Amino acid sequence: MAKRILVTGGAGFIGSHLCARLLSDGHEVICLDNFFTGTKKNVARLAESPNFELARHDIVSPYQAEVDQIYNLACPASPIHYQFNPIKTIKCSTVGMVHMLGLAKRCHARILQASTSEVYGNPIVHPQTEDYWGNVNPIGIRSCYDEGKRVAETLCMDYMRQCAVDVRIIRIFNTYGPHMQADDGRVVSNFIVQALKNEEITIYGDGSQTRSFQYISDLVEGMVRMMENADFHGPLNLGNPVEFTIRDLAEKIIAMTGSRSGLSFHPLPADDPVQRRPDITLARSKLGWEPIVSLDEGLLPTIAYFRKLLFG
Ligand code: NAD
Ligand code: UDP
């Protein structure tokens, strides 16, 4: 049945793909964004649909609408963006979360919170399972994001227990694809842009730290399945369980772009997690979900996207 769905942060990387999917499933979509890191361009094509509405709004202020579902994605996600104004970042995940949960309570809407693998911090348990409580620095430069998202999860669980709000929590692991910003500082976008320009690939540390990279279409499928599942609230990991070192990634991108770039090594940022890989046993059993796009397959359209963005 067609629903009216609010997507906060809908003009961002993940949000824009999610809005497209929800429209193609026949829903009405309100895309709410303050355009801090998202752009109208990301959703320009969707604006042609009579079922799509774009609202400029900041979730740190209350918002009213009659909706059936809320996907709460509004939050700067890359380290350079969330560290730009850390107080604003934590307000977004706390004050903004309260506003969205209040809206869900009033409308009896189901709400899905886009949490993050950062709630595990620099994890000691590897791969990360949902019952691991994490190893997070509460006072470091990543804390505005990590602790903000942890409080957001707490708020979701408390609104569920105290007010019977129907919440869903997903913990998203590193995701990439078209519509990432060229200058957001994240590793996939940085390396592709540097490789395409034949500039040095900037490796932080010695490149032995690991991440697991999920293509955007796999994530969107998991998000929709989580929202539509009847009674499992999460938290639930959504990520690709294949782990790479950052150096592996650099070498792969150089090869795939045919670049002449070399590697340059720079200091590792504070609190940069040493390893990260999701255990997705729960997603497999609860949603019948697992990623189907390999890193090689996902990098192809992502490289094509950046090539067009940079060179027309
Ligand atoms: P993004 O920066 O492209 O998207 C975030 C969007 O939220 C942007 O459009 C931005 O303008 C908007 N926004 C920020 N603050 C806002 C506010 N106060 N009010 C309204 N809109 C606001 O990042 P993304 O990668 O698409 O991330 C989307 C969500 O997924 C975020 O909540 C992020 O924490 C989460 N997440 C992403 C990843 C990833 O690998 N991309 C991993 C874990 C979690
Ligand atoms: N990284 C890097 N070079 C870059 C950008 C990032 O070596 O130009 C590293 C970064 O230090 C981290 C990993 O790549 O170890 C992933 O960084 P990203 O910011 O994409 O995501 P997160 O650290 O939030 O997982």
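Bear in mind that the values here come from a model prediction, so they are computed numbers and not experimental data.

S.K.: Quick question: what am I supposed to make of the layout of surface pockets here?
M.R.: Any empty space left between atoms is shown by rolling a water-sized probe over those atoms. For the second largest pocket, the calculated volume is near 320 Å³. Lining the second largest pocket, in full, are Thr39, Lys41, Asn42, His179, Met180, Gln181, Ala182, Ala304, Tyr305, Lys308 and Leu309. Looking at which element gives the most residues to the lining of the second largest pocket, the answer is helix α10 (residues 295-311), with 4 residues. Tallied by class, the residues present in the lining of the second largest pocket amount to 5 nonpolar, 4 polar and 2 charged.

S.K.: Would you mind showing me how to read the site of ligand 2 here?
M.R.: Around ligand 2 lies a shell of 18 residues, among which Asn190, Thr202, Arg211, Asp272 and Arg276 are the nearest. Within the backbone of Thr202, a nitrogen or oxygen atom sits 2.6 Å from a nitrogen atom of ligand 2. At a separation of 2.6 Å, an oxygen atom of ligand 2 approaches a polar side-chain atom of Asp272. With the chains in place, 94% of the 520 Å² that ligand 2 exposes on its own is no longer accessible. Elements that contribute at least two residues to the shell around ligand 2 include exactly α6 (187-196) and β8 (201-204).

S.K.: Can you help me understand helix α7 (residues 216-228) in this one?
M.R.: For an α-helix, 3.6 residues make a turn, and residues three or four places apart therefore share a direction. The first and last C-alpha atoms of α7 sit 18 Å apart over 13 residues, in line with the 18 Å expected at 1.5 Å per residue. Looking only at α7, the buried set comprises Ile216, Asp218, Leu219, Val220, Gly222, Met223, Val224, Met226 and Met227.

S.K.: What exactly am I supposed to notice about the nonpolar core here?
M.R.: Ranked by internal contacts, the top residues of the largest apolar core, which has 58 residues, are Leu18, Tyr71 and Met223. If one sorts the elements of this core by residue count, α7 sits on top with 7 residues. Setting aside residues up to four positions removed in sequence, Met223 forms contacts with Ile14, Leu18, Tyr71, Leu73, Leu112, Ile170 and Leu238. Grouped together as the second largest cluster of nonpolar side chains are 32 residues, Val60, Ala74, Tyr82 and Ala152 included.

S.K.: Can you walk me through unusual backbone geometry in this structure?
M.R.: Peptide bonds are, in most cases, trans, and in most cases residues other than glycine have a negative phi. At the junction of His126 and Pro127, the peptide bond is cis and its omega measures out at -10° in the coordinates. Relative to the helices and strands, Pro127 resides in the loop between β5 (110-116) and α5 (143-163). Phi is positive for His179, close to 85°, though the residue is something other than glycine. Within the fold, His179 resides in the loop between β7 (175-176) and α6. Despite not being glycine, Asp271 shows a phi value in the positive range, around 60°. Given the relative accessible area of 38%, Asp271 is considered partly exposed.

Rules of the game
Residues numbered from 1 in each chain as written. Chains lettered and ligands numbered in written order. Predicted model: local features only at pLDDT ≥ 70, side-chain atom pairs only at ≥ 80, totals over all residues. Heavy atoms only, no water. 1 Å grid on protein atoms, 1.4 Å probe; cavity = no way out; pocket = protein on both sides within 12 Å on 5 of 7 lines; lining within 4 Å. Points joined across faces, edges and corners; volume = space filled by probe spheres on them. Helix = DSSP H or I, 4+ residues; strand = E, 2+ residues; numbered from the N terminus. Nonpolar A, V, L, I, M, F, W, Y, C, P; charged D, E, K, R; others polar. Near = heavy atom within 4 Å. Polar contact = N/O pair within 3.5 Å; in protein donor to acceptor, adjacent residues only side chain to side chain. Areas by Shrake-Rupley, 256 points an atom, 1.4 Å probe, with all protein chains shown as cover. Expected span 1.5 Å × (residues − 1). Buried < 20%, exposed > 50% of the residue type's maximum accessible area, 1.4 Å probe, protein only. Core = buried A, V, L, I, M, F, W, Y, C linked by side-chain atoms within 4.5 Å. Contact = heavy atoms within 4.5 Å.

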